[in-house]
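Working through the structure, step by step
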Amino acid sequence: VTQTTSFGAAERGPRLDPEQARLALEAGRMGAWRWTMATGEVVWDETLEALYGLPPGGFDGRYETYLSLIHPDDRETSVRTIASSIDGGGQHRVEHRVVWPDGSVHWIEGWGRVTRDAGGQVDGIIGVAVDISERKQSEQRLREQDAWIRRLQGITASISGAVSVAEIADVVIEHGVAATGADAGVLALVAGEALEIVGDSGFRPGGLDRWRRQPLDAALPLAAVSRTGTPIWGESAAALAERLPSFRDASDDVGFGLMGAVVAVPLVANTTPIGAIGLRFLREIVVSLDEQEFLLALAGQAAQAFDRARLYELERGRVGAEREARAGAEAARMRLQQLQAITEAGLAHVSLDDALERMLAALRGAIGADSAAILLADGGRGLLTVRAALGVEGRGSRSAHTPIDDPVLGRAALHGESIVIDDAAETAVAPHVAGELGSLAVVPMRVSGHILGVLHAGSRSVRPFTLEDLELLHLAAERVALAVDRAQLFEREHRIAETLQRSLLPERLPELPGVQLAARYLPGSAEVQVGGDWYEVVPLTGGRLSAAVGDVVGRGIRAAAAMGQFRNAMRALALEGLSPARLLDRMSELSIGLGREFATAMTLEFDPSTGVVAYSSAGHPPALVLPPEGEPWFLDGGRSTPLGVEPGMAYPEAVAQLAPGTTLLVYTDGLIERRGETLGDGLARLRAVAAGEPDPERLVDVVLEALTGEHRDDDVALLAIRYVMAPSRFELRLPSEPRSVSRFRSETKTWLQELGASSTDVDDVVLAVSEACSNAVEHARVDDGEVVLAAEIRDADVVMTVQDAGRWQPPHLRFERGRGFRILRALMDDVQVSRRGDGTEVRMRRRLGDRVPAG
Amino acid sequence: VSDVAFDRREHVLVAGVSGEIDIASSERVQDAILSETQTVEESGLVVDLSGVGFLDSAGIRLLFTLHRAMLEHGRPMAIVVPDGAKIASVLSIVEMESVVWIAPTVDGAIAKLFPPGAADQASSSYRP
């Protein structure tokens, strides 16, 4: 053999092993080579040369040339792997990069085996190779995407833990900078006509001070992005300065000289930009699509969190103002004994209306007035509305309105002036304000510089109010304003916390074969802030489910946020396959991590194929078991201390066997606790109320109706799980005649409904059964024939077969060509029609649950 | 399992079907409606499916047959399917809306057959 460089397929074919030739032919892009030990000769075909970036005949047959083409980092491994096939198993497989003469890098996968002479001695190696660059790239891309998704999940967790605007800004900037390799980051929020920087990292200390508040229409990147909602993806600093002139002015402050490129992404809440994240890079960059997606998702998360936090801080600010003013009230009490009564009346734990009336009564006594009234401003409607009044006929009506620009009241309500009218008859006071009064005084009610309304006092006789009276009126107005504001604040905070909590609870429960589920969450009544009750159901493999009900002790937004963390953790851990007790172990650690957020929880895992429930309780009230027959009982094993009490807890787990038809009710203590009662009383009452209500939806409603009054002290969460009686498979044989079809439908419907399938699933599967059975009846009718329907649940799939004993149909009559089959195909995930025995068998399968209804 | 009740509204025969339409009942419903159309002067047909809780391909076939029969006599046809009706999904699978007028109410269906203002023209041109 003298040929050394290359072999084309035609004339050099015989030199290729037949198998090798076939592979090469099939693959098209597969190159082949042969090394002959005796001569040291290496022969490549043209395809292999092409894979290495060489022209046909470009390989010189030298081993050194081959080596030089392999990426330096991969040389040693590949050579060793190929060589080892001589001593080892005789085969090798190798992946390595090659560097083409033009410098580009390509991935090659090669495999080969040794050849042997007649005596069985190794005399060479043959091999083939393909270009796998594309596959490598997509693998790399998948890995990258995965990393981005993980990163985003981490961020979701840390953002949900941040409460204030500053905390959220820090988290967002930190993640944005870390993920993109930026050297500095800044976050700004729209505040009216301005843009305010609320967090930054990596900038020169004090560098951003001049820009901390900039007009929204400024020609600066963050303002532009917040205004337009259009992101900036890695635009160079120079190009930006061209487009946004003010940016160059800011150059020293923001490090323009060292800046390479800028990324700025709008924070969009409900389609409105509410601010922007800016990232500074020292070099020019290209922002990949993955990075863009990540940053948009980060911005979306941030926008939501800010929306929430803003409300929260607004409220906190008001609470602070209240505290200050209350301190002022203490001083005033020293000066003016009378005021005490007013203040106390306002701070009493009674409804706002009662408090206001008591305050007015105290005020009236203190200044010797005949009438006193509180009017609240409704800026939107331009009206002052009487909220509380004493003394003057007709003034007590809650519906009495005065235009906010009234010459007397308006001066107080709009301009904050205090007005004293000594003799109403001699002054131009509108009759509806003066009424029967001789003298009157009006002062504004302010909170944090904002005028809520006016306080109005009058006497029937002409009796000028003194300066001291006026001072007292002012002080009273301050207290009244606080009481009103506090009540409004309370309502708002309650609403925010409730919204937050609802947003943290599952939107809907999963649909699982073999179980029916129902859950409710009821916030505490208006006098009580929202607590941190939660529930969660997670479907597991094999039709099992993991469920939890928990209660974070404490009230308000912080408790609701903590409960969100517990719920997320439970979900993630349950999906990892943790048992109920191990779930509690980990949630207890989480609780300690959250600053010993004191919480109780009950976790359970239920397997509908066996009826076994495993459960564990961390200081939580025991779940109620309602068996189909006999007395209700409680799952009172597996109990231990609440979460977060001590580190390293190992919670116990108990197991119970449930009979088909049993319903479990898991709940929080708000359902059973009442003041002045023992826990035993509450449990006994629950047992009595729940008995005889196995249907989960009805059970939760009946129990809530009976056990929670108008004024709940606590919020309530409850979850009912019914182990339904329906068998996981059924079979029905009916005569092959038209009227059998409706029977097939109704039996299928009953079976699916008992399994807890959704109405969409039931309707669609019933329609499919109708089509398949009609086909069997119509096209395969033989005397005394039968149609057999067999249905079965496998995991979350319903699998059905419909068989007839008719004759196999000639092709033009076949079911597959008809409209019925088209309908069937639209309804089921998989449909197969086959010949079986004398007749036809239709097999069909559909995944239950999580489907958007058609139409 | 199924019934048909007839009503006459201006130019239109309204056939109100109730119950379940499948292989066992479709032929009877079809015969009832077809024979009624032959005895009346009305120029259009509205099949009101408001009372139909179930309908499969046998029902679809019935509707197509009626539609073809009406077409041969130059008489328009519409069907009534209330919003959110269970049978809406099967009708959409076979794209019924591309063949026959569909309206959520009888009045709506009549308006589709004879748009207001074109009533006189409609009655004269459609009458056999």
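What counts as what
Residues numbered from 1 in each chain as written. Chains lettered and ligands numbered in written order. Predicted model: local features only at pLDDT ≥ 70, side-chain atom pairs only at ≥ 80, totals over all residues. Heavy atoms only, no water. Helix = DSSP H or I, 4+ residues; strand = E, 2+ residues; numbered from the N terminus. Contact = heavy atoms within 4.5 Å. Areas by Shrake-Rupley, 256 points an atom, 1.4 Å probe, with all protein chains shown as cover. Core = buried A, V, L, I, M, F, W, Y, C linked by side-chain atoms within 4.5 Å. Buried < 20%, exposed > 50% of the residue type's maximum accessible area, 1.4 Å probe, protein only. pLDDT = per-residue confidence, 0-100. Pairing = 2+ DSSP bridges. Axes fitted to C-alpha atoms, helices over the stretch in contact; angles between N-to-C directions. Salt bridge = Lys/Arg side-chain N within 4 Å of Asp/Glu carboxyl O. Buried area = accessible area lost by both parts, 1.4 Å probe. Polar contact = N/O pair within 3.5 Å; in protein donor to acceptor, adjacent residues only side chain to side chain. Nonpolar A, V, L, I, M, F, W, Y, C, P; charged D, E, K, R; others polar. Parallel < 35°, antiparallel > 145°, perpendicular 65-115°, else oblique. Left-handed = near helix turned anticlockwise from the far one by under 90°. Phe/Tyr/Trp six-rings, centres within 6.5 Å; stacked < 30°, edge-to-face > 60°. Patch = residues over 30% accessible without salt bridge, like charges linked within 9 Å, V, L, I, M, F, W, Y side chains within 5 Å.

If you tally the helices and strands in chain B, you get 5 helices and 5 strands. Listing the helices and strands of chain B from first to last along the sequence gives β-β-α-β-α-β-α-β-α-α. Relative to all contacts within chain B whose residues are 6 or more apart in sequence, the contacts with residues 24 or more apart total 70%. When the accessible surface of chain B is summed, it comes to about 5900 Å², and 50% of that surface belongs to carbon and sulfur atoms.

This paragraph deals with the nonpolar core. Among the nonpolar cores identified, the biggest contains 68 residues, and M844 of chain A together with L49, L55 and I79 of chain B are the most heavily contacted of them. The element best represented in this core is helix α23 (residues 759–779) of chain A, accounting for 10 residues. Once residues within four sequence positions are removed from consideration, L49 of chain B is found in contact with V17, I21, L55, L63, I79, V80, V81 and I87 of chain B. By size, the runner-up hydrophobic cluster in this structure holds 51 residues, among which are V538, M570, A574 and L604 of chain A.

Residue and element names in this part refer to chain A. Confidence in the prediction for chain A averages 79 pLDDT; 78% of positions are at 70 or higher. Predicted confidence in chain A is weakest over helix α1 (residues 9–12), with a mean pLDDT of 35, and strongest over strand β28 (residues 663–667), with 96. Note on residues 21–28: pLDDT is under 50 here. Beyond four places in sequence and across chains, it has 4 contacts. Residue range residues 851–855 is modelled with pLDDT below 50. Its contacts to residues more than four positions away, or to other chains, number 6 contacts.

Attention now goes to the sheet that holds strand β31 (residues 786–794) of chain A. All names here are of chain A. The 5 strands lie next to each other as β30-β31-β32-β34-β33, forming an open sheet whose pairing is antiparallel. Each edge of the sheet is formed by a strand with only one pairing partner; in this case those strands are β30 (729–735) and β33 (830–836). Recorded for the sheet is a direction-independent mean angle of 15° between the axes of neighbouring strands. Taken together, the 8 bridges between β31 and strand β32 (residues 797–804) define a ladder with antiparallel strand orientation. Its bridge partner lying in β32, I793 is registered against V798. Against the sheet, helix α22 (residues 740–754) engages β30, β31 and β32, with an angle of about 165° to β30.

With that out of the way, let us pick up the pattern of salt bridges. Where charged atoms from two side chains of opposite charge approach closely, those side chains can pair. All names here are of chain A. Applying the stated criterion across every chain yields a total of 34 salt bridges over all chains. Its salt-bridge partner being R212, residue D209 comes within 3.4 Å of it at the nearest N-O pair. Linking R729 and E731 is a salt bridge whose minimum nitrogen-to-oxygen distance equals 3.7 Å. In the salt-bridge network here, residues are joined through shared partners; they are R729, E731, R733, E786 and E792.

Time to look at the interface of chain A and chain B. With 22 residues of chain A at the contact, the number on the chain B side is 17 residues. Summed over both partners, the interface of chain A with chain B buries about 1600 Å², with 60% contributed by carbon and sulfur atoms. Between the two partners, chain A and chain B, sit 3 salt bridges. Seen at the junction of chain A and chain B, the total is 6 residue pairs in polar contact (both at pLDDT 80 or more). Of all the secondary-structure elements, those providing two or more residues to the side of chain A that touches chain B are α22, α23 and α24 (819–827) of chain A. Among the elements that line the side of chain A that touches chain B, the one with the most residues is α23 of chain A, at 9 residues. Residues belonging to the side of chain A that touches chain B are distributed by class as follows: 9 nonpolar, 4 polar and 9 charged.

With that out of the way, let us pick up the packing of helix α1 (residues 26–39) of chain B against helix α2 (residues 57–72) of chain B. Residues and elements named next belong to chain B. Two elements in contact, α1 and α2, have axes separated by 9 Å at closest approach and are oriented at 20°. The pairing of α1 with α2 is recorded here as roughly parallel in orientation. The handedness of the crossing between α1 and α2 is right-handed. Counting all contacts with α1, which are made through S26, V29, Q30, I33, L34 and T37, the residues of α2 involved are A58, L62, T65, L66, A69 and M70. Split by residue class, the contact of α1 with α2 holds 8 nonpolar, 4 polar and no charged.

In this section: the side chain of Q30 of chain B. Residue and element names in this part refer to chain B. Secondary-structure assignment places Q30 in helix α1. Judged by its relative accessible area of 18%, Q30 falls in the buried class. The residues contacting Q30, other than those within four sequence positions of it, are L62, T65 and L66.

Okay, the packing of aromatic side chains next. Both the distance between ring centres and the angle between the ring planes are used here to describe each pair of aromatic rings. Residue and element names in this part refer to chain A. Applying the stated criterion across every chain yields a total of 7 aromatic pairs over all chains. Here the aromatic rings of Y63 and Y66 are separated by 6.1 Å at their centres, their planes lie at 45°, and the arrangement is tilted. Here Y63 pairs with Y66, and both are found in helix α4 (residues 63–69), just 3 residues apart, close to one helical turn. On the numbers, 5.0 Å between centres and 45° between planes, the contact of F730 with W751 is tilted. One end of the pair, F730, is in strand β30; the other, W751, is in helix α22, with 21 residues separating them in the sequence.

Time to look at a nonpolar patch on the surface. A cluster of nonpolar side chains, namely V553, F598 and V645 of chain A, defines an oily patch on the protein surface of about 240 Å² accessible area. With respect to the helices and strands, the residue V645 of chain A is situated in the loop between β26 (639–640) and β27 (654–657).

Our focus in this paragraph is the side chain of S78 of chain A. Residues and elements named next belong to chain A. With respect to the helices and strands, the residue S78 is situated in helix α5 (residues 72–87). The buried category is assigned to S78, whose relative accessible area is 1%. Within polar-contact distance, the side chain of S78 engages the backbone oxygen of D74 at 2.4 Å. Apart from the residues lying within four places of it in its own chain, the contact partners of S78 are I70, V94 and H96.

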